Amino acid sequence: MKLLQSHRSAGARAHCAEAAGTSWTRRRRRRRRRGRIGGRRRRRRRRRNLLPNRKEMAVLAPVLVLCACVSGFYCVEAKSDTLSSLDSSFCYGGLQVIYPGLDIDKCLVIPNNQNLREKVSTVWKAPQVYYSGAQKKKMYVLVLADPDAPSRTKPTSAYWRHWLVVDIKGGELKKGKIQGMTLTGYSPPTPPQKSGLHRYQFMLFEQPPDTPVSLTEPEKLSRGKWDLRAFIARFHLGEPVATLQFLTQNYKD
């Protein structure tokens, strides 16, 4: 009996030791698992602390773009079809210019789709010009000139006179009819190749009463290098009552 009890006690002790070892191993595994999980959680927290949230990104985004632009890695450039503030501010007074396929009532760059640049240069004749503020009893002077001849960077032939009509009756102008004395016939915009965008400026002046307007003999010989300011001063035309311009370039560019 004592021997059996000793065997049983020995077996029980072995079983207890095995159970204790197993439980210790399980506890060790749990600790390791918890350690791994805890490590993952700590790493996630670190990443969360390092990475900005959505609100922080909204604040940082303009700063990051600015830094990238200054560094030269990323910068949005203005397209050639975008008007500068100076070009946009030229138009005032409610002047309207209508070609067969293009209605212009504000400063704009003629787009290159639908062959519009080619049509305005080679197909369309003189446009209709409306001025709703025209007065029936007054006379007007209409000027179309290019200040960028032969290019905007080197305007050595500016102003280039494309159209000049005087003695325009206000009542007809209000209807879109240019009835008067043509001193320079209409010449369509034909900017040279590789010369960039050109401005084509329509300027409408009130013609002083009983004041005949004409060109000098040298002015009649050439459309280019026209001194527009001297012309305005010579006949006391003053400031234009309405102006409009569009920009275009050679349609083959």
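Everything here concerns the structure above.
In this text, all values refer to a predicted model and were calculated from it rather than measured experimentally.

K.L.:
Lay out the pattern of salt bridges in plain terms, naming residues and giving numbers.
P.N.:
For side chains of opposite charge, pairing can occur when their charged atoms come near one another. Within the structure shown, the criterion is met by five salt bridges. Residue Glu206 is joined to Lys138 by a salt bridge in which the shortest nitrogen-to-oxygen separation is 3.3 Å. Of the two residues, Glu206 sits in strand S8 (residues 198–207) while Lys138 sits in the loop between strand S4 (128–131) and strand S5 (139–146), which places them 68 residues apart along the sequence. For Arg199, the salt bridge goes to Asp148, with nearest N and O atoms at 2.6 Å. Of this pair, Arg199 sits in strand S8 while Asp148 sits in the loop between S5 and strand S6 (160–169), placing them 51 residues apart in sequence.

K.L.:
Break down the sheet that holds S8 for me, citing the residues and quoting the values.
P.N.:
In spatial order, the strands read S3-S9-S8-S5-S6-S7; together these six strands make up an open sheet with mixed pairing. Two strands bound the open sheet, and with one partner strand each, they are strand S3 (108–109) and strand S7 (181–184). As paired strands, S5 and S6 are joined by seven bridges and run antiparallel to one another. In the sheet register, Tyr140 faces S6, and the bridge partner there is Ile168.

K.L.:
Which residues make up the side chain of Ser187, and what values do they have?
P.N.:
Among the structural elements, Ser187 can be located in the loop between S7 and S8. Setting aside its immediate chain neighbours within four residues, Ser187 contacts His162 and Arg223.

K.L.:
Kindly report on the packing of aromatic side chains, identifying the contributing residues and their values.
P.N.:
One pass over the structure, following the stated rule, counts eight aromatic pairs. For the ring pair Tyr131 and Tyr140, a centre distance of 6.1 Å and an interplane angle of 75° mean the geometry is edge-to-face. For the pair shown, Tyr131 and Tyr140 are each scored as buried. Summarising the aromatic geometry, the rings of Trp226 and Phe231 are spaced 5.1 Å apart at their centres and angled 55° between planes, so their arrangement reads as tilted. Trp226 sits in the buried class, given a relative accessible area of 3%. Given a relative accessible area of 0%, Phe231 falls into the buried group. Cation over ring: Arg161 sits above Trp226, and NZ or CZ is 5.0 Å from the ring centre.

K.L.:
Could you give an account of the pairing of strand S9 (residues 242–248), naming the residues involved and the relevant values?
P.N.:
Extensive coverage of S9 is indicated by the burial of seven of its seven residues. Side chains Ala242, Leu244, Phe246 and Thr248 project from S9 onto one buried face, and the interleaved Thr243, Gln245 and Leu247 project onto a second face that is buried too. Pairing of S3 with S9 involves two bridges; the strand directions are parallel. If you follow Leu108 over to S9, its bridge partner there is Phe246. In the sheet, S8 pairs with S9 via seven bridges, with the strands oriented antiparallel.

K.L.:
Just give me the short version of the sheet that holds strand S2 (residues 102–104), but keep the residues and values in it.
P.N.:
Strand pairing in a sheet takes place through backbone hydrogen bonds and is either antiparallel or parallel in direction. One open sheet holds the three strands; their spatial order is S2-S1-S4, and the pairing between them is antiparallel. Edge strands, defined here as strands with exactly one partner in the open sheet, are S2 and S4. In this sheet, neighbouring strand axes are inclined to one another by 15° on average, regardless of whether the strands run parallel or antiparallel. As paired strands, strand S1 (residues 95–99) and S2 are joined by three bridges and run antiparallel to one another. Each residue of the ladder has a partner; that of Ile98, found in S2, is Asp103.

K.L.:
So what's going on with the environment of Gln179? Residues and values would help.
P.N.:
Structurally, Gln179 can be placed in the loop between helix H5 (170–173) and S7. On the accessibility criterion, Gln179 (40% relative accessible area) is partly exposed. Discounting chain neighbours no more than four positions away, the residues touching Gln179 are Asp167, Ile168, Lys169 and Glu172.

K.L.:
Describe in detail the nonpolar core, supporting the description with residues and values.
P.N.:
By size, the foremost hydrophobic cluster in this structure holds 29 residues, and its most contacted members are Tyr99, Phe202 and Phe246. Those elements that provide at least two residues to this core are S1, S2, helix H4 (116–122), S4, S5, S6, S8 and S9. Aside from chain neighbours lying at most four places away, what touches Phe202 is Phe90, Leu95, Val97, Tyr99, Pro127, Val143, Leu144, Trp163, Ala242, Thr243, Leu244 and Phe246. Ala145, Leu215, Phe231 and Leu237 belong to the second largest nonpolar core, which has 15 residues in total.

K.L.:
For unusual backbone geometry, give the residues involved together with the corresponding values.
P.N.:
At the junction of Ala149 and Pro150, the peptide bond is cis and its omega measures out at -5° in the coordinates. With omega at -10°, the peptide bond leading from Ala158 into Tyr159 counts as cis. Tracing the chain through its elements places Tyr159 in the loop between S5 and S6. If you check the backbone angles, Asp167 has positive phi at about 55° while not being a glycine. With respect to the element layout, Asp167 can be found in strand S6. Even without a glycine there, the phi angle at Lys225 is positive, about 55°. Within the secondary structure, Lys225 sits in the loop between helix H6 (217–221) and helix H7 (228–234). Classification of Lys225 as exposed rests on a relative accessible area of 62%.

Quick notes on the rules
Residues numbered from 1 in each chain as written. Predicted model: local features only at pLDDT ≥ 70, side-chain atom pairs only at ≥ 80, totals over all residues. Heavy atoms only, no water. Salt bridge = Lys/Arg side-chain N within 4 Å of Asp/Glu carboxyl O. Helix = DSSP H or I, 4+ residues; strand = E, 2+ residues; numbered from the N terminus. Pairing = 2+ DSSP bridges. Contact = heavy atoms within 4.5 Å. Phe/Tyr/Trp six-rings, centres within 6.5 Å; stacked < 30°, edge-to-face > 60°. Buried < 20%, exposed > 50% of the residue type's maximum accessible area, 1.4 Å probe, protein only. Lys NZ or Arg CZ within 6 Å of the ring centre and 35° of its normal. Axes fitted to C-alpha atoms, helices over the stretch in contact; angles between N-to-C directions. Core = buried A, V, L, I, M, F, W, Y, C linked by side-chain atoms within 4.5 Å.

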